[in-house]
Amino acid sequence: MKRDSRLSSVLHALLHMAEQEGPVTSDALAQCLGTNPVVVRRTMAYLREAGIVTSDRGHAGGWRFHADLGSVTLRQLHEALGEPAMFAIGNRNEAPECLVEQAVNAALEDTFAEAEALLLKRFSEITLADLAADFARRHAAVRRKRS
C-alpha cells in the first residue's frame, strides 16, 4: 500500500516558504520537493482553503505563507489535507462472520484507535515554529562543522 506523504511534503514546503520574502511559485516548490507543479497546486489548495497560505496569480504570483509559524500545528495541517489514514494496515475483513476474526478485529481496531489518538495529540503539540527552530539548530551545526 502506498504511503501518503503529503504532510511531510507540506511541512517541507511551508518551512521553505516561511524563509522567503515574496511568493514562491509552484514550479519552485515542485523542484524543491521533487514532484510535479500540478501536485503542488492541488496540495496547496487544501492549505489555502484552511487559511494557511494564499496564492497570487500572474507573472509575479505564487504561494505565500499566511499564518504565524507558532500557531500552525501538524494536526491542523493533517486536518487541512483531509485527515489521510494514519496507518497502512487494517482488518482483513471489516464485517466477518468468523468469531476468531471478530476478536482479532476488535483488538486491532482498539489498538489503532489508541495509537491514532496518541499521534494526533502529539501532532497538536508540534508547531511549524518548532520545526523551524530545529532546522535552524541543524543548519548552525552544519555551518560550524564547515568552518
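Just above, that's the structure.
Keep in mind the model is a prediction, meaning the values are calculated, not measured. Residue positions are counted from 1 within each chain, in the order its sequence is given. Where local features are concerned, this predicted model is filtered to residues with pLDDT of at least 70; where side-chain atom pairs are given and counted, the filter is 80 or more; whole-chain, interface and lining totals use all residues. Where side-chain values are given, they derive from all heavy atoms of the structure, hydrogens and water being excluded.

Student: How do you make sense of helix 2 (residues 26-33) when you look at a structure like this?
Tutor: Between buried and exposed lies partly exposed: a residue is buried under 20% and exposed over 50% of the maximum accessible area for its type, with that area taken using a 1.4 Å probe on protein chains only. Helix and strand labels come from DSSP, where a helix needs a run of H or I of at least four residues and a strand needs a run of E of at least two; each type is numbered from the N terminus. Within helix 2, the full set of buried residues consists of Ser26, Leu29 and Ala30. Buried residues of helix 2 fall within an arc of 100° about the axis and therefore sit on the same side. Pointing more than 90 degrees away from the buried face of helix 2 are the exposed residues Asp27 and Gln31. Residues of helix 2 that are buried make contact with helix 1 (6-18), helix 3 (37-49) and strand 2 (62-65). Backbone geometry just after helix 2 places glycine 34 at a positive phi near 70°. The arc in question is formed by the directions pointing from the helix axis toward the C-beta atoms. Note on contacts: a residue pair is in contact if any heavy atoms of the two residues lie within 4.5 Å.

Student: I keep staring at unusual backbone geometry and nothing clicks. Help me out?
Tutor: Glycine aside, negative phi is the norm for most residues, and most peptide bonds take the trans geometry. A positive phi angle, near 50°, is found at glutamate 83, a position not held by glycine. Take glutamate 83: it is sitting in the loop between helix 4 (74-80) and helix 5 (99-125).

Student: Which parts of the structure should I look at to understand the pattern of salt bridges?
Tutor: If charged atoms from side chains of opposite charge come close, those side chains can pair. The salt bridge criterion pairs a side-chain nitrogen of Lys or Arg with a carboxyl oxygen of Asp or Glu, the two atoms within 4 Å. Taken as a whole and assessed by the stated rule, the structure comprises 8 salt bridges. With a shortest N-O distance of 2.6 Å, glutamate 125 and lysine 121 are connected by a salt bridge. Placement of both glutamate 125 and lysine 121 in helix 5 is noted, with a separation of 4 residues, approximately one turn of the helix. Judged by its relative accessible area of 48%, lysine 121 is partly exposed. Between arginine 137 and aspartate 134 there is a salt bridge, and its shortest N-O distance comes to 3.7 Å. Within this pair, arginine 137 and its partner aspartate 134 are both found in helix 6 (residues 128-146), separated by 3 residues, close to a single helical turn. For arginine 137, a relative accessible area of 53% translates into the label exposed.

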